[in-house]
Structures are given as structure tokens and as C-alpha cells.
Amino acid sequence: MGRATGGKGTRTASWLGDRCSSIDLRRGLDDRTAETVINRAEWLGDPDRRMVIAVFGDGLSAAAVAALQQQNARQVRRVVARAAARLLEPIAVFVATRSGEWPNSRAEVGRAIYHHGRSLRETAGVLGLSLYTVRKHRDAIEGIFESERARARRPGPRGTDRDIDRGWR
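Residues numbered from 1 in each chain as written. Predicted model: local features only at pLDDT ≥ 70, side-chain atom pairs only at ≥ 80, totals over all residues. Heavy atoms only, no water.

All right, on to the packing of helix H5 (residues 90–98) against helix H6 (residues 104–114) then. Following both chains from N to C, one finds H5 and H6 inclined at 150°, their axes separated by 10 Å at the closest point. Comparing their axes, H6 and H5 come out roughly antiparallel. Between H5 and H6 the crossing geometry is left-handed. Along its contact with H5, which presents Ile91, Ala92 and Val95, the element H6 presents Gly110, Arg111 and Tyr114. For the contact of H5 with H6, the residue count by class is four nonpolar, one polar and one charged. (Axes fitted to C-alpha atoms, helices over the stretch in contact; angles between N-to-C directions. Helix = DSSP H or I, 4+ residues; strand = E, 2+ residues; numbered from the N terminus. Parallel < 35°, antiparallel > 145°, perpendicular 65-115°, else oblique. Left-handed = near helix turned anticlockwise from the far one by under 90°. Contact = heavy atoms within 4.5 Å. Nonpolar A, V, L, I, M, F, W, Y, C, P; charged D, E, K, R; others polar.)

Attention now moves to the packing of aromatic side chains. Taken as a whole and judged by the stated rule, the model has two aromatic pairs. Plain terms: the ring middles of Phe94 and Trp102 are 5.7 Å apart, the flat faces sit at 50° to each other, and that makes the pair tilted. In this pair, the class of Phe94 matches that of Trp102, namely buried. (Phe/Tyr/Trp six-rings, centres within 6.5 Å; stacked < 30°, edge-to-face > 60°. Buried < 20%, exposed > 50% of the residue type's maximum accessible area, 1.4 Å probe, protein only.)

Such coordinate-based values are descriptive only and should not be taken to indicate function.
Below you can see the structure in the form of C-alpha cells.
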């Protein structure tokens, strides 16, 4: 599951595996992962951002955050874990860095889906777009993302391979 790198420790979020689909807030996160989540929390909407910063930045438990906001601790734990998992996804970083180059509607769709965690139908309702348009924008974003990932994985000049893990050195 976790992949060791050179020296001590493990890669950021290595215990999450390759896909950050669920985070157990009862387990401790390593400092680098928590710092990454805090730095990317600006991409979230206001209620989610406050909870993520309270849990990962201020060190409060989900139960303490729930008590402050008069909510159910299980619900807070679920919201924070899902938000953190979205922030750790590579496509969320891609949307944050590249959305300035896209048409406004595509950028809004990307942020709504990959940062705010909205479904296609919710995104269509919030942005006042048709479901078809939202789906087309989402497909375009994922297509661009995958093509750039494939390009980054191609061997570099002089036959070197960028995918070789040299962390063992």
C-alpha cells in the first residue's frame, strides 16, 4: 500500500493508497499531508473550509467542531474527510492551476465538481447550466487532464524515463 521513498518516512498520503477516496479522521495524518490539505483549503466553499482548517490546522477533533457548530459529529467527520480527499486528488490541483486559461463556464464547472464536490445535477442547478453542458465541460476537463498526464509520463529526451522512481538513492 505505502510506497517508501529515500530515507525515513513515507510519501505524503501514502497510507491513503493511490486513490484518496476516504480519509479516516480518527487516524493521524502525517504533517505533510495535513499541511497540503490546509494550503489547498482555500479552494473549498466557506462551511467546508472552516471545518477543514479547524480539524487539520487548529487540531480540533471532529466532535469538537461538531459541538461548536451544533451539528452531528459523524456528519462533520464525513464532510471534512470528503473535502480533504478532494483536495488531495491530482485533478483538483489541475483545476486550480489551469482554470484561469479556460472559459468562465468551464472553470466554474471544474471548481464546482472537483473543489466543492457537487454532482453534475447540483452543478447544473447552481450554475444555471443544462446537465448536458455540465457533462460536456466535465468530460473536456478530464480529457485535458488525462492527456497532460500521459504527456508527462512519456520518456524525456535522450531516452530517459521520467517515471522511474529514484527515491531509493
